[in-house]
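Chains, contacts and geometry: an overview
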Amino acid sequence: MNLRWSWDQDSRELFRRVDPRIWAETWHDPIRLLGQVSRSRLEELAADSEFMQMLSTVHGSLTTYRQSQRWFQRLDDQPFESVAYFSPEFGIAEALPQYSGGLGVLAGDHLKAASSLGIPLVGVGLFYRQGYFRQELDADGWQQERYVNLDPHSMALEMVENARVELDLAGASVAAEVWKAEVGRIPLFLLDSDVEGNDEEGRGVTDRLYGGGAEHRLRQEILLGIGGVQALSATGFEPQVFHTNEGHAGFLGLARMAKVMTEQGLTFDQAIEAVKASTVFTTHTPVPAGIDQFPRELMQKYFESWADSIGVDFEDLMRLGHWPTDPKDAPFNMAVMGLRLAGRANAVSALHGTVSRSMFQPLWPGVPQEEVPIDAVTNGVHPPTWVSGEMSEVYAREVGERWGEADELGWASISEMDDRELWHAHEQCRERLINYVRSRLKQAALARGTSEADAHWYDQVLDPFVLTICWARRFASYKRPTLLLADLERLRGLLLDEDRPIQVIFAGKAHPADEIGKEMIRNIVHFARREDVRHRIAFIEDYDIAVARILYQGADVWLNNPRRPFEACGTSGEKAALNGAINFSIQDGWWDEMFDGENGWAIASAEGYEDLERRDAAEAASLYEALETQIIPLFYAEFESGVPIGWVQKMKSSLASLGPRVSAARMMKDYVRQLYAPAAASASVLSGDGFEAARRLAAWKSKVRSEWSSVKIDIVDGNVALADLGTEREVKARVLLGDLSTEDVEIQLLHGVVAANEEMVSPKAEVMELESSEDGGFYRYRGTFTCETAGRYGFTVRAVPKHSDLTNYADVGCITWA
C-alpha cells in the first residue's frame, strides 16, 4: 500500500518473486498481483525461509525509511513545518494512472524526492475514474483513444474517513470523497466526485484527465483548488506554504482568501496579502496559448454568488485574472491569477525563466524585464524511479549508496571507473529494450488481427548491437517528432548502412483533439512499416511510465528537437542521461544551461528564420550532419576489448557533469532554499497577531499607490562624461516624495554597460544614501559606482517602494525613473 515499492528495487524484486508471470501481466501492480496469485502459491512462499527473510528485510527497510532522520531533519534550523503541493496530475507509477505526461511525472518525482529528503510535504490532486486515455493504432496507423474505468478500491488507495467535501458548483451541490496514497513518507490526497448523492453531472466532474470543454475544466479546477483546501482541513493538515503546480489549482488562493475574510474579518485586499505571503506558483508554459482561460460568462455562473457570499465585488475578483490592459469582458487567465496571488513564482529552467519574464512582464509595468519577479528552479528527476538495476549497482559502487542525492564531488568518481563495467551494464539494458520492443510490436500486431505467421518477423526487429536512438514524449507540432524524417532517403541510408547502421524507436501520444499530432504519428508508422526499413525503426503504442522507463534505460542516444524556446524544461533527456544515454538536442529547456560541449551534442537552432519550413529544413540539416559526422563515427570507432573507448568517455562526461544537476534532490533543495523557506518566513510574519501585519501591509500599499504620482526625480548630477576604468564616481539626486516618507521609498542608482539600443545590459542597483531634506518634500541622495567594464558605460536613478514585509518592490506596481 505504500508506493515506495515503485522506486525501491528490493521491493519490486520481492513482488516479482511472488509470481513473475502475474507480476508482468498486472503491469507491476502489487495489489493486482496479490489479488490473482493462488492460495497454494502463498502457502508455498510462507514456507520458503529465503523468501520470508527477504520479506522481513524489505518490510524493515520501509519502516526505517519512514522513520529515519533525513536531509531536512538534519538541517540546523528547519525552516517550515509543512508544504501543500497542488497539481492536476501525479505520475507516481503505472499502477496509479493519474497522469498524462511531463507535468504529472514531474509532480510524482516532486513527491518522491521530498520523501527521500524528509521534506514535510503533502500532495493534493484529483482521482480521475478513467485516468488518461490508452492509445491504440488502427490498421492505417491512426491513433485511437480508449478509456478504462478504474476502481480505486483495487488500487494502493485508502478512503479517508470523515473527509468528504462539498462544493456549490453553479447552484448544484457536489460532494467528493478523499482517497489517500502513501508515497514513501508523503501523503497524497485525491478528490473523487464519483460518489453516491451526486447527480450524473456531479459524478462526472472527475471522469477524465484533461477531458471535456472549458466548463468541464473549470469545474475540475474549482474542485481541485477550493475542494483541495477543504480536504486538507478535513484531514487535519494546516500547511504553512501552498505550492500550485501550474494554474490549474489556482482557485486554492480564492478558497484561502474566503477563509481569512470570514474567520479573521480581513478585507479583500488584506486577504490577498495574507494569502500571497505563503503561496508559491510554478509556471510551466512558454506560450500564452498554453494557459487555461475561462470566459466571463462561465466565471459569472460559478463565482458571482460565491463573491457575494463573502462580500467581494465580482469585478474585483475578475481583475485578479486580467492583464492590466484587459477590457471588462476579457477571459479569466489562470496564470495571471496564480502570479497575482503568489508572493513567489518560478519557471522550470533558466531559459524558461527568461521567456516567462518576457511573457508576463506586462503584469509589472515599468519594471525591467530582467527584474520581473519570476525566479527559476530547473526541473529534476527522481533517479531511483528511472535508473535501471544494472546502472544503479554501478553507481552504488562508484558514487555511493546515496548516489541519487550525490553532489559533483561524488559523481566525479565516474570518470575513473572501468570502461568495460560501464559498457557491459549499458549493453544489458539495450538488449532488454530490443526484446521488449519486439514483444510489444508483435502483441500490437496480433491485437489488430495479424496472423501469428505474419507477425513472426517482429521477432527479428532491431538489433541489440546497433546504435539505438530514441524519441519519446507527447506528439505536438512544436516538439517536431518527424524532423528526423525530413529527408527520407537520407534517413534510409543511415538506417541501412552496411557497416554503421542506426535504429530508431519512437513513442508518444497526441492529445485527443490534436489532429496534427495524430497525423505525425501516422507518418512515422507508415515509414516504419516500409518493408526495406521496418527492421530498423519502430513506434511503440500506449506510451506510459513503464514504456518510458525501459526506453530511457536502453537508449544510446536521446533525441530532442523542439522549436526553441518552446520547451519549458523537458525531463526525458535527464532520465535518459542518468541511464548512460547521451543527449542529442536543440539547446532548449534544461539542455540550454547544462550542455557543456563535451556531455552530448547540440542541434543548431535557426531561430532567425521566420519561415517555419525554412527553419525546420535548416535544423534538420544540422541534425543529419551531426549524426553522420560526429555521433555515428564515434559509436563505431575504435574498440578495445569489445568497448567503444571514445563513446564510453562521452558517457562518462555526461554522467559526471549531469548526474548531480538533473536529480530531483537538487531541485527540491532549491525549492526549500529559494522558495519554501522564504515563503514560510513571510507567512509567519503576516499571519501573526491575527494577521495584523497583513492588514498594515495592505494599508501601506494603498497609501503608496495613491500618493506615488507625486514622486519625482527632479535633478540627477553625475559628472561622469569620461570615467577611468576602476575609478569611483559620485552621483547625486534631488527627489520629490510628496506625502510619502523616506521610509516608504528607496532611491537606487543603476549602472552598467550600454548596448547599441542605448539600454543598459543587466545593470547593477546600488541603494543611494539620504544626505539631507529640503522644504516642499524634497530630499537629496548620494551614491557612488565604479566603471567595471571598458567602453560605453551608463547610469540612471530610480525610486521604488520600500517596506520590511514586501517580497519585492515590483509587487506594488509603482516605479519612477529619472
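This text goes with the structure placed above it.
Rules behind the numbers
Residues numbered from 1 in each chain as written. Predicted model: local features only at pLDDT ≥ 70, side-chain atom pairs only at ≥ 80, totals over all residues. Heavy atoms only, no water. Helix = DSSP H or I, 4+ residues; strand = E, 2+ residues; numbered from the N terminus. Rg over C-alpha atoms; globule rule 2.2 N^0.38 Å. Buried < 20%, exposed > 50% of the residue type's maximum accessible area, 1.4 Å probe, protein only. Areas by Shrake-Rupley, 256 points an atom, 1.4 Å probe, with all protein chains shown as cover. Contact = heavy atoms within 4.5 Å. Pairing = 2+ DSSP bridges. Disulfide = S-S within 2.5 Å. Polar contact = N/O pair within 3.5 Å; in protein donor to acceptor, adjacent residues only side chain to side chain. Axes fitted to C-alpha atoms, helices over the stretch in contact; angles between N-to-C directions. Core = buried A, V, L, I, M, F, W, Y, C linked by side-chain atoms within 4.5 Å. Phe/Tyr/Trp six-rings, centres within 6.5 Å; stacked < 30°, edge-to-face > 60°. Lys NZ or Arg CZ within 6 Å of the ring centre and 35° of its normal. Parallel < 35°, antiparallel > 145°, perpendicular 65-115°, else oblique. Nonpolar A, V, L, I, M, F, W, Y, C, P; charged D, E, K, R; others polar. Salt bridge = Lys/Arg side-chain N within 4 Å of Asp/Glu carboxyl O. Lys, Arg positive; Asp, Glu negative; His and termini not counted.

1. Quick notes on the overall build of the protein chain
From N to C terminus, the protein chain includes 26 helices and 32 strands. Taking 2.2 N^0.38 as the reference for a compact globule, 818 residues should give roughly 28 Å; the C-alpha atoms of the protein chain span a radius of gyration of 29 Å, in line with that estimate. The principal-axis extents of the C-alpha atoms in the protein chain amount to approximately 95 × 70 × 50 Å. The burial tally for the protein chain puts 57% of its 818 residues in the buried class. For the protein chain, the computed accessible surface area is about 32900 Å², with 47% contributed by carbon and sulfur atoms.

2. Observations regarding the environment of Phe 251
By the element assignment, Phe 251 lies in the loop between β11 (241-245) and α9 (252-264). Its relative accessible area of 0% is what places Phe 251 among the buried residues. As for Phe 251 and Leu 224, which are separated by 27 residues in sequence, their C-alpha atoms are 7.9 Å apart. Leave out the neighbours within four places in its chain, and Phe 251 touches Leu 218, Glu 221, Ile 222, Gly 225, Ile 226, Met 299, Phe 303, Phe 332, Met 334 and Met 337.

3. Some remarks on the pairing of strand β12 (residues 279-282)
Walk down a regular strand and you will see the side chains alternate between the two sheet faces. Neither face of β12 is open: one carries Thr 279 and Phe 281, the other Val 280 and Thr 282, and all of them are buried. Here 4 bridges tie β11 to β12, and the two strands are oriented parallel to one another. Along β12, the bridge assignment pairs Asn 245 with Thr 282. As paired strands, β12 and strand β15 (residues 344-347) are joined by 3 bridges and run parallel to one another. In the sheet register, Thr 282 faces β15, and the bridge partner there is Asn 346.

4. Here we look at the state of the cysteines
Under the counting rule described, the total for this entry stands at 0 disulfides. Among the cysteines around Cys 429, which has no disulfide bond, Cys 470 carries the closest sulfur, lying 12 Å off. Cys 470 gets classed as buried once you look at its relative accessible area, which sits at 0%.

5. Side note on the side chain of Arg 563
In this structure, Arg 563 sits in the loop between β20 (557-560) and α22 (572-578). Separated by 2.8 Å, the side chains of Arg 563 and Asp 616 make a polar contact. Beyond its immediate chain neighbours, meaning those up to four positions away, Arg 563 contacts Ser 477, Tyr 478, Arg 480, Asp 588, Leu 612, Arg 615 and Asp 616.

6. Topic: the environment of Leu 725
Mapped onto the elements, Leu 725 comes out in the loop between β25 (712-717) and β26 (728-736). Assessed through its relative accessible area of 56%, Leu 725 is described here as exposed. Between the C-alpha atom of Leu 725 and that of Gly 791, which follows or precedes it by 66 residues, the distance is 9.0 Å.

7. So, the sheet that holds β20
Here we have 6 strands laid out as an open sheet, ordered β19-β18-β17-β20-β21-β22, and parallel in their pairing. Edge positions in the sheet fall to β19 (537-540) and β22 (600-603), since each of these pairs with one other strand and no more. Along the sheet, successive strands turn relative to each other by an average axial angle of 20°, direction set aside. Pairing analysis gives 2 bridges linking strand β17 (residues 467-472) to β20, with the strands arranged parallel. By the bridge assignment, Ile 469 is partnered in β20 with Val 557. In this fold helix α20 (residues 515-528) packs onto β18 (502-507) and β19, with an angle of close to 140° to the strand it touches most, β19. The sheet contacts of helix α24 (residues 612-635) involve β17, β18, β20, β21 (582-586) and β22, and relative to β22 the element is tilted by about 160°.

8. Focus on the nonpolar core
With 97 residues, the main nonpolar core has Tyr 395, Leu 484, Leu 551, Phe 584 and Trp 647 as its most contacted residues. Residues within four places of Leu 551 in sequence aside, it is in contact with Leu 433, Cys 470, Ala 472, Ile 505, Ala 507, Tyr 543 and Trp 558. Core analysis: the next-biggest nonpolar cluster, separate from the first, contains 91 residues, Val 178, Leu 232, Phe 303 and Val 704 among them.

9. Observations concerning the packing of aromatic side chains
Applying the stated rule across the entire model yields 34 aromatic pairs. The interplanar angle of 75° and the centroid separation of 5.6 Å between the aromatic rings of Trp 386 and Tyr 552 together place this pair among those described as edge-to-face. One end of the pair, Trp 386, is in helix α15 (residues 383-386); the other, Tyr 552, is in helix α21 (residues 545-554), with 166 residues separating them in the sequence. One exposure class covers both Trp 386 and Tyr 552, and it is buried. Among the aromatic residues, those joined into a cluster by ring pairs are Trp 71, Phe 72, Phe 80, Tyr 671 and Tyr 676. Sitting over the face of the ring of Phe 133, Lys 509 holds its NZ or CZ atom 4.9 Å from the ring centroid. Against the face of Phe 778 rests Arg 734, its NZ or CZ located 3.7 Å from the ring centre.

10. Let's talk about the environment of Pro 763
Within the secondary structure layout, Pro 763 lies in strand β28 (residues 760-767). For the pair Pro 763 and Gly 570, spaced 193 residues apart in sequence, the C-alpha to C-alpha distance is 31 Å. Beyond its immediate sequence surroundings of up to four residues, Pro 763 is in contact with Glu 370, Leu 750, His 751 and Gly 752.

11. Some words on the packing of helix α6 (residues 102-117) against helix α26 (residues 664-707)
Closest axis-to-axis distance for the α6/α26 pair is 9 Å, and the angle between their directions is 85°. Classified by the angle between their axes, α6 and α26 sit roughly perpendicular to one another. Residues Leu 106, Asp 109, His 110, Ala 113, Ala 114 and Leu 117 of α6 form the contact with α26, whose own contacting residues are Ala 664, Ala 665, Met 667, Met 668, Lys 669, Tyr 671 and Tyr 676. Taken together, the residues of the contact of α6 with α26 break down into 10 nonpolar, 1 polar and 2 charged.

12. Looking at the pattern of salt bridges
Inspection of the entire model under this criterion finds 59 salt bridges. Note that Arg 16 and Glu 13 form a salt bridge whose closest N and O atoms lie 2.9 Å from each other. Of this pair, Arg 16 and Glu 13 are both found in helix α1 (residues 9-18), 3 residues apart, which corresponds to roughly one turn of the helix. On the basis of relative accessible area, Arg 16 is assigned to the partly exposed category, the value being 34%.

13. A short note on the side chain of Asp 19
Looking at the secondary structure, you find Asp 19 in the loop between α1 and α2 (20-25). For Asp 19, which is buried and forms no salt bridge, the nearest opposite charge comes from Arg 21, at a distance of 4.5 Å.

14. Details of the sheet that holds strand β31 (residues 793-801)
Spatially, the 4 strands line up as an open sheet ordered β28-β27-β31-β32, and their pairing is antiparallel. The open sheet has two edge strands, β28 and β32 (816-817), and neither has a second partner. Both β31 and β32 contribute to a ladder of 2 bridges, which runs antiparallel. Along β32, the bridge assignment pairs Arg 798 with Trp 817.

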